[in-house]
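Single-letter residue listing:
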Amino acid sequence: MMHTFLKGLSPRQFLARHWQKAPLFVPAAFPDFHDLVTPADLMQLASRDEVESRLVVERAGIWSVQRGPLFPRDFRGLKGSRWSLLVQGVDQWLPEGKALLQAFSFIPHARLDDLMVSFAPAGGGVGPHFDSYDVFLLQGLGHKRWQISGQRDRTLLPGMPLRILQRFRAEAEWTAGRGDLLYLPPQYAHYGVALDDCLTYSIGFRAPSAQELVSHFLAYLEEQLQVEGMYEDPDLTVPRHPGAIGTRMVEKVEEMLAAIRWGRAEVADFLGRYLTEPKPHVFFEAPPRPLGRSRFAGLAQRRGIVLSLKSLMLLHHTTVFINGEAVRVSPLLRRWLMPLADDRRLDDLGEAPPALFDLLYDWYRAGYVMLARPASPLASRRAALARRATGAKESGGRLTGAPTGRGRRG
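Residues numbered from 1 in each chain as written. Predicted model: local features only at pLDDT ≥ 70, side-chain atom pairs only at ≥ 80, totals over all residues. Heavy atoms only, no water.

## Notes on the overall build of the protein chain
Here is step 1 of the chain: From N to C terminus, the protein chain includes 12 helices and 19 strands.
Here is step 2 of the chain: Considering only C-alpha atoms, the protein chain reaches an extent of 75 × 70 × 45 Å along its principal axes.
Here is step 3 of the chain: Between the mean site of the 52 positive side-chain charges and the mean site of the 43 negative ones, the protein chain shows a separation of 5 Å. (Helix = DSSP H or I, 4+ residues; strand = E, 2+ residues; numbered from the N terminus. Lys, Arg positive; Asp, Glu negative; His and termini not counted. Charge placed at Lys NZ, Arg CZ, Asp CG, Glu CD.)

Given below as structure tokens:
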């Protein structure tokens, strides 16, 4: 499948030639693609408090943005204007959305952001702009005209609620229909306009700025580090100028700050927590009537386990990061958990150690994982083969209900 939707390129060739380098338009990349939602479904999602949504409207060159929740009244009176509805995190509500993201698993999950779906009638769009991240744009219902430019002029229209380019010079143009795919590297200017009622699926990959990473890392250090002692100056002398900060005071504080140290282990721990921390509006729903541990383990052995649609999971060595939490595990448990991080599903648990069920049961009670429907025999065999290979190296979509429970941020 990967070779097909990458225009015959292998994932390795795509990464070498296009990833963060050059755009790629692929006609009929997903020839049998069926929409995951209808425009009405998307509007229903946009009406929820816990869903990120925006209504972008352009009238006579003036742009406005209204953030959700959005209701039917918000869409009335839009006749004669050009507008677009954008809903983030659709993969958190539709299993098919999460499955679509898995098609792009030749890129590490640590780089994946979410699936955004937009709906626009004829003429709708969000103006010419550029993004700071990689994105794949998959067309569903309708048709959209894409124009792109590698221009370096990124001057923005002043006083607008959107980052719209003041000058846009198209260098290439395509009309995307159902199943067509456009890849754009960061900073590549693009302008999409709906030619009729259309749905566009945007698979985005996060690329935090250096400033964002530094800010979050400093906050992480504040939580993790404990520095002993306090400021002392038993050698204090009468100052010539009491309003001045003395050199000796600066030196003493510099010595105290020198106690703040970190290495690769701290950076890896920070990244795992930071990259799996859910966004502020995300809540996890614990099972209303949780099974007992023995009953859960028995069903898990027969049916398997899947991650909640909202769960984020990554591994680094023998540390498992799930929804901002870090869990140290044995090498044996890591081998069992790797398929869950890779494929979001864990099957063939007949010979799993009791410690694995203890961990999975804790996550089940927190709403992080769920019992799965039985997988096909082929999927079970693939999971078992993948686990053995790792061990050798080491020695129909419905909108889910509104959640309740613990809130977390990312």
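## Details of the sheet that holds strand β8 (residues 172-176)
Here is step 1 of the chain: The sheet built from three strands is open, its strands ordered β8-β7-β10 with antiparallel pairing. Only two strands of the sheet have a single partner each, and these edge strands are β8 and β10 (189-194). Put simply, the sheet's adjacent strands are angled 15 degrees from each other on average, direction ignored.
Here is step 2 of the chain: Pairing geometry for strand β7 (residues 144-149) and β10, over six bridges, is antiparallel. Within the sheet, the bridge partner assigned to Arg145 lies in β10 and is Val193. (Pairing = 2+ DSSP bridges. Axes fitted to C-alpha atoms, helices over the stretch in contact; angles between N-to-C directions.)

## Some remarks on the packing of helix α6 (residues 210-224) against helix α8 (residues 264-276)
Here is step 1 of the chain: Their axes nearest at 10 Å, the elements α6 and α8 cross at an angle of 105 degrees. By the angle class used here, α6 and α8 are roughly perpendicular. Counted together, Glu212, Leu213, His216, Phe217, Tyr220 and Gln224 of α6 and Glu266, Val267, Asp269, Phe270, Arg273 and Tyr274 of α8 form the full contact between these two elements.
Here is step 2 of the chain: Taken together, the residues that form the contact of α6 with α8 break down as six nonpolar, two polar and four charged. (Parallel < 35°, antiparallel > 145°, perpendicular 65-115°, else oblique. Contact = heavy atoms within 4.5 Å. Nonpolar A, V, L, I, M, F, W, Y, C, P; charged D, E, K, R; others polar.)

## Considering the packing of aromatic side chains
Here is step 1 of the chain: If you walk through the whole model with that rule in mind, you get 24 aromatic pairs.
Here is step 2 of the chain: With a centroid separation of 5.8 Å and 20 degrees between ring planes, the pair formed by Trp19 and Tyr183 is classed as stacked. One end of the pair, Trp19, is in the loop between α2 (11-17) and β1 (24-26); the other, Tyr183, is in strand β9 (residues 181-184), and 164 residues separate them in sequence. Across the pair, Tyr183 and Trp19 agree in class, each one buried.
Here is step 3 of the chain: Members of the aromatic cluster, connected to one another through ring pairs, are Phe14, Trp19, Phe30, Phe104, Phe106, Phe136, Tyr183 and Phe205.
Here is step 4 of the chain: Above the face of the Trp93 ring, Arg48 is positioned so that its terminal group lies 4.9 Å from the ring centre. (Phe/Tyr/Trp six-rings, centres within 6.5 Å; stacked < 30°, edge-to-face > 60°. Buried < 20%, exposed > 50% of the residue type's maximum accessible area, 1.4 Å probe, protein only. Lys NZ or Arg CZ within 6 Å of the ring centre and 35° of its normal.)

## With respect to the sheet that holds strand β13 (residues 305-307)
Here is step 1 of the chain: If you trace the three strands from one edge of the open sheet to the other, you get β17-β13-β18, paired in antiparallel fashion. Here the strands that pair on one side only, and so sit at the sheet edges, are β17 (345-346) and β18 (369-371).
Here is step 2 of the chain: Pairing of β13 with β17, which is carried by two bridges, proceeds in the antiparallel orientation. Following the sheet pairing, Ile305 is matched in β17 by Leu346.
Here is step 3 of the chain: Sheet strands in contact with helix α11 (residues 354-366) are β13, β17 and β18, and its direction is about 105 degrees off that of β18.

## Describing the nonpolar core
Here is step 1 of the chain: Within the largest apolar cluster, 44 residues are counted, with the highest numbers of intra-cluster contacts made by Phe104 and Phe136.
Here is step 2 of the chain: Among the elements that make up this core, the one with the highest residue count is strand β11 (residues 198-205) (four residues).
Here is step 3 of the chain: Those residues within four positions of Phe136 in sequence are excluded, and the remaining contacts are Phe14, Trp19, Phe104, Phe106, Ile107, Leu181, Leu182, Tyr183, Tyr201, Ser202, Ile203 and Phe205.
Here is step 4 of the chain: With 33 residues, the next largest nonpolar core counts Ala341, Leu346, Ala366 and Val369 among its residues. (Core = buried A, V, L, I, M, F, W, Y, C linked by side-chain atoms within 4.5 Å.)

## Details of a nonpolar patch on the surface
Here is step 1 of the chain: A cluster of nonpolar residues, Val227, Ile245, Met249, Val250, Val253, Met256, Leu257, Ile260, Trp262, Val267 and Leu271, forms a patch on the protein surface that exposes about 950 Å² of accessible area.
Here is step 2 of the chain: Counting only elements with at least two residues in the nonpolar patch, the list comes to α7 (247-257) and α8.
Here is step 3 of the chain: At five residues, α7 tops the list of elements feeding residues into the nonpolar patch.
Here is step 4 of the chain: Turning to its location among the elements, Leu257 is positioned in helix α7. (Patch = residues over 30% accessible without salt bridge, like charges linked within 9 Å, V, L, I, M, F, W, Y side chains within 5 Å. Areas by Shrake-Rupley, 256 points an atom, 1.4 Å probe, with all protein chains shown as cover. Salt bridge = Lys/Arg side-chain N within 4 Å of Asp/Glu carboxyl O.)

## Digging into the side chain of Ser202
Here is step 1 of the chain: Within the secondary structure, Ser202 sits in strand β11.
Here is step 2 of the chain: Ignoring any residue separated from it by four or fewer positions in sequence, one finds Ser202 in contact with Asp114, Leu115, Met116, Val135, Phe136 and Leu137.

## Thoughts on the confidence of the model for the protein chain
Here is step 1 of the chain: Predicted confidence across the protein chain gives a mean pLDDT of 89, with 90% of residues reaching 70 or more.
Here is step 2 of the chain: Long-range and interchain partners of residues 378-383, a stretch whose pLDDT sits below 50, account for four contacts in this model, where long-range means more than four residues apart.
Here is step 3 of the chain: Here residues 385-410 is modelled with pLDDT under 50, and outside its nearest four sequence neighbours on either side it reaches 70 contacts, counting other chains as well. (pLDDT = per-residue confidence, 0-100.)

## Here's the deal with the pairing of strand β14 (residues 313-316)
Here is step 1 of the chain: Inspection of the sheet shows β14 paired to strand β15 (residues 319-322) by four bridges, in the antiparallel sense. Looking at β15, one finds that Leu315 is bridged to Val320.
Here is step 2 of the chain: Following β14, the chain reverses through two residues before pairing antiparallel with β15; His317 in that reversal takes a positive phi of roughly 50 degrees.

## Here's the deal with the packing of helix α9 (residues 293-303) against α11
Here is step 1 of the chain: Two elements in contact, α9 and α11, have axes separated by 10 Å at closest approach and are oriented at 105 degrees. The pairing of α9 with α11 is recorded here as roughly perpendicular in orientation. Between α9 and α11, the contacting residues are Arg293, Phe296, Ala297, Ala300 and Gln301 on the first element and Pro354, Phe357, Asp358, Leu360, Tyr361 and Tyr364 on the second.
Here is step 2 of the chain: The residue makeup of the contact of α9 with α11, split by class, is eight nonpolar, one polar and two charged.

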